[in-house]
Amino acid sequence: MVKKWMAVFVIFICCLIINISPTENQRTYAFSNQVIQIGSVGDDVIELQSRLQYIGFYNGKIDGVFGWQTYWALRNFQYEFGMKVDGLAGPATKQKLINVTKYNESYVKEQINKGNSFTHYGGTSIENQTGNNGSNSSSQQSSSNKPTAANVPNGFSQNDIQLMANAVYGEARGEPYIGQVAVAAVILNRVESPSFPNTVSGVIFEPGAFTAVSDGQIWLTPDETAKKAVLDAINGWDPSGNAIYYFNPNTATNSWIWSRPQIKQIGKHIFCK
Amino acid sequence: MIRNLLIGLLSVAIIGTGIWGYQEHKEKNAILIHAENNYQRAFHDLTYTIDLLHDKIGTTLAMNSRQSLSPALVDVWRLTSEAHSHVGQLPLTLLPFNKTEEFLSNIGEFSYRAAVRDLEKSPLSDEEYETLKSLYEQSKEIQDELRKVQHAVLSNQLRWMDVEMALATEEENVDNTIIDGFKTVEKKVEGYSEGDLGTIFTGMNKKEEGFQNLPGKEISKEEALEIAKKYTTNIKDPETKVTESGKGSDYEFYSVSIRDGKNEIDMDITKKGGYPIWVMNHREVKEQKISLNEAGNRALAFLKERKFENMKMFESYQYDHVGVFTFVTSINNVRIYPEAVKIKVALDDGTIIGFSAEEYLATHNERSIPDPVITEEEAKEQVNPNVKIMESRLAIINNELNEEVLCYEFLGTLGNDTYRIFINALNQREEKIEKLKSAEPIYEEIT
């Protein structure tokens, strides 16, 4: 008899705990119907990471970017539950995840928006899972839909990309898009070339190398196009045809540059070897 | 009275302007001197490093024991990279100084390769010894010339700021000792035929060779446009333009541009054989409607339609509303990493907005894949036991020395990080280890 009462009590407590958490929690939120694969970003990935963390497969940061850690977590999950191990979150995998885990969406989203460090393990109360080092300033609140992490090409940091975008914007704003990609590609070709410094910053700040650096235009705020152009160049697009120099024939003061073998012209710039 | 007052005011103003002007002048000078000092330091560091380098190469020549040769070569390598970085800080970009810099990186590459090699097993060959000797000679010449320039700089108090001005404006007949000195150094280095360095330094020109050996016949501008159209979709009444490559390019190609109201498409197509090198469609992608996975499937179908056989997805990344994929050739489950194709897919309607086959074209050929000599188990023994191996396969990669080698590829985890490890399948060597990048947090600017 006592046992029975105990059981009822436990169930009651459980109900209470669930009720404490915000109401959205009870909505059986589910993934959108896409197949999620490595490299993806967005809400589905946040949910995937949260659910995998709920049952202890994923110990990384819930950041909405499907990286390697998420990939191995998902594969381990598929393995443990006897499913096909392919590292893709397809319909069957997602259904299984929904069946065996819970996802407290409002909690996770709130923590992400506040920039807190937090975890989403099952079996532990939420209060114990929030580290408090995020700033709760209003500026963070306004950016509620922005992701907190992003994919970055191998070998480059976001700051490298920013620096290159600055250079590209200072040198080639107003040029056609591929002209901007080509300028970014020239910077990368120089990093590769034995005749130039071996780092992005070394190449950009080499004295006299870029007019935008000499006259300070590099410190203008670059637009999105310049950033996209840099990303394309880093990802392997080189419209310059492996050039390591370029110049504007209307403003070039140095006659030596004319002696370089010319590859092609894009917009106002002539690209050469 | 008023006159006196005016005179007083004016003189105060004049004195004030004078003081202000003087302070500005002083500040400007301070900054000039600061910049000048930076150049001076880089220059004197450079000559000093070249001195050291020359001596170091000399000592390696005299060395007999293998144990001391390796560290000495490592030292040479370190000094060249230091010298290289000093050159990078001097305003020499507008001066033809490439040969000297190339010379530096050649010594660096040579010493690095020799240093990492097991000199017990494969000692320096006679040829390599000769190379080292000729490098020694060359460094001697560079050292002498640089010392001359250094002497001139010191005794005549020459300023690098003047060099910069002279280079930028390029006045004729500038009698500038520094510029002339560096031009002499360059001439001296150029004087050595490139053959002097032997056959060790290949790799640099591999790419151009690949393009020159493409099969097929030359195509015309019209044919180029036809091929270009196969790589575009949903284009109505486009404005098109085809231009030929300049004379300086190592291989000939056509640049095709196609414009309609929405799309801005550009591409380069090789003249020989008519292979697209890259395609770019610059248009706005405002929203995501399809998943990265779906986009990947479309990219693969795109490749199949265009006769790229046996391609496997290697990497996939989503940047905003664009998916970027890398595909590599896979023959009998051996991945050939040098043969890579990149594809960009817009996630709004799933159309292909970027394609780059540069690496693929440069390296694709009928290759015979050797059989592995060691087993996978034997290769695994070479992997650090702390790494938990999750995936394995055979792959061909370019190693540090830019040679194609057959390897066992292991994907493994150590702590929270994932590593890609390549073990040579013929001789068990650890060829390459990469730490795979995880997502980077966005350091948001406070706006």
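Bear in mind that the values here come from a model prediction, so they are computed numbers and not experimental data.

Rules used in this analysis
Residues numbered from 1 in each chain as written. Chains lettered and ligands numbered in written order. Predicted model: local features only at pLDDT ≥ 70, side-chain atom pairs only at ≥ 80, totals over all residues. Helix = DSSP H or I, 4+ residues; strand = E, 2+ residues; numbered from the N terminus. Buried ≥ 20, exposed ≤ 12 C-beta atoms within 10 Å, placed from the backbone. Contact = placed C-beta atoms within 7 Å. Domains from an automatic or database assignment. Nonpolar A, V, L, I, M, F, W, Y, C, P; charged D, E, K, R; others polar. Pairing = 2+ DSSP bridges. pLDDT = per-residue confidence, 0-100. Core = buried A, V, L, I, M, F, W, Y, C linked by C-beta atoms within 7 Å. Axes fitted to C-alpha atoms, helices over the stretch in contact; angles between N-to-C directions. Expected span 1.5 Å × (residues − 1). Parallel < 35°, antiparallel > 145°, perpendicular 65-115°, else oblique. Left-handed = near helix turned anticlockwise from the far one by under 90°.

Draft legend 1. Highlighting the overall build of chain A. Across its full length, chain A holds 11 helices and six strands. Residues classed as buried in chain A amount to 44% of the 273 residues present. A separation of at least 24 residues holds for 57% of the contacts in chain A among residues at least 6 apart in sequence.

Draft legend 2. Representation of the domain arrangement of chain B within the structure. Segmentation of chain B into domains returns domain 1 (10-200), domain 2 (212-363) and domain 3 (376-435). Spacing between the C-alpha centres of domain 1 of chain B and domain 3 of chain B amounts to 38 Å.

Draft legend 3. Structural context of the interface of chain B and chain A. On the side of chain A, 56 residues touch chain B, which itself brings 56 residues to the contact. Taken together, the residues of the side of chain B that touches chain A sort by class into 18 nonpolar, 25 polar and 13 charged. As paired strands, strand β3 (residues 149-150) of chain A and strand β13 (residues 440-441) of chain B are joined by two bridges and run antiparallel to one another. Note that in β13 of chain B the partner of Ala 150 of chain A across the bridge is Glu 440 of chain B.

Draft legend 4. Looking closely at the confidence of the model for chain B. Of the residues in chain B, 91% have a pLDDT of 70 or more, and the chain-wide mean is 83. The ipTM assigned to the predicted complex is 0.82, against a pTM of 0.81.

Draft legend 5. Region of the structure containing the nonpolar core. Judged by nonpolar contacts, the single largest core of 99 residues is most densely connected at Met 164, Val 168, Ala 184 and Val 230 of chain A. The element best represented in this core is helix α8 (residues 177-192) of chain A, accounting for 10 residues. Not counting residues up to four positions away in its chain, the partners in contact with Val 230 of chain A are Ile 161, Met 164, Ala 165, Val 168 and Ala 184 of chain A. Membership of the second largest hydrophobic core comes to 31 residues, among which are Ile 50, Trp 77, Val 87 and Val 185 of chain B.

Draft legend 6. Seen up close, the confidence of the model for chain A. All names here are of chain A. When pLDDT is averaged along chain A, the result is 79, and 80% of the positions lie at 70 or above. Below a pLDDT of 50 lies the segment residues 14-28, which in the model reaches eight contacts outside its immediate sequence neighbourhood of four places, other chains included. Confidence drops under a pLDDT of 50 for residues 134-144, and excluding neighbours within four residues, the segment shows 15 contacts in the predicted structure.

Draft legend 7. Highlighting the pairing of strand β6 (residues 269-272) of chain A. Residues and elements named next belong to chain A. In β6, alternate side chains face the same way, and those of His 269 and Phe 271 on one face and Ile 270 and Cys 272 on the other are all buried. Judged from the three bridges that link them, strand β4 (residues 245-247) and β6 form a sheet pairing that is antiparallel. Considered in β6, the bridge of Phe 247 is made with Ile 270. Alignment of strand β5 (residues 262-266) against β6, held across four bridges, turns out to be antiparallel.

Draft legend 8. Inspection of the sheet that holds β5 of chain A at higher detail. All names here are of chain A. The three strands lie next to each other as β4-β6-β5, forming an open sheet whose pairing is antiparallel. Every interior strand has two partners, whereas the edge strands, β4 and β5, have only one. Along the sheet, successive strands turn relative to each other by an average axial angle of 25 degrees, direction set aside.

Draft legend 9. Geometry of the domain arrangement of chain A. According to the domain assignment, chain A consists of domain 1 (32-142) and domain 2 (158-272). The gap between the C-alpha centroids of domain 1 of chain A and domain 2 of chain A is 40 Å.

Draft legend 10. Spatial organisation of helix α3 (residues 98-116) of chain B. Its 19 residues give α3 of chain B an end-to-end C-alpha distance of 27 Å, which sits within 8% of 27 Å, the value for a rise of 1.5 Å per residue. Of all the positions in α3 of chain B, only Thr 100, Glu 101, Phe 103, Leu 104, Ser 105, Asn 106, Ile 107, Gly 108, Glu 109, Phe 110, Ser 111 and Ala 114 of chain B are classed as buried.

Draft legend 11. Examining the packing of helix α7 (residues 158-172) of chain A against α8 of chain A more closely. Residues and elements named next belong to chain A. One can describe the packing of α7 onto α8 by two numbers: an axis separation of 9 Å at closest approach and a directional angle of 125 degrees. Relative to α8, the element α7 lies oblique. Crossing of α7 over α8 shows right-handed handedness. Residues Met 164, Ala 167, Val 168, Glu 171 and Ala 172 of α7 touch α8, and the partners they reach there are Gly 179, Gln 180, Val 183, Ala 184 and Ile 187. Per-class residue counts for the contact of α7 with α8 are seven nonpolar, two polar and one charged.

Draft legend 12. Spotlight on unusual backbone geometry. Not every positive phi belongs to a glycine, and Asn 242 of chain A is a case in point at roughly 65 degrees. Along the polypeptide, Asn 242 of chain A turns up in the loop between α11 (224-234) and β4.

Draft legend 13. Inspection of the environment of Ala 184 of chain A at higher detail. Residue and element names in this part refer to chain A. Examined against the element boundaries, Ala 184 turns out to sit in helix α8. Spatially, the C-alpha atoms of Ala 184 and Glu 224 are 14 Å apart, while their sequence positions differ by 40 residues. Contacts of Ala 184, omitting those with residues within four sequence positions, involve Met 164, Val 168, Ala 229, Val 230 and Ala 233.

Draft legend 14. Looking closely at the pairing of strand β8 (residues 352-356) of chain B. Residue and element names in this part refer to chain B. Counting buried positions along β8 yields five of five residues, so the element is predominantly enclosed. Sheet topology places strand β4 (residues 276-281) next to β8; three bridges connect them, and they run antiparallel. In the strand pairing of β8, Trp 278 is matched with Ser 356. Here four bridges tie strand β7 (residues 334-346) to β8, and the two strands are oriented antiparallel to one another.

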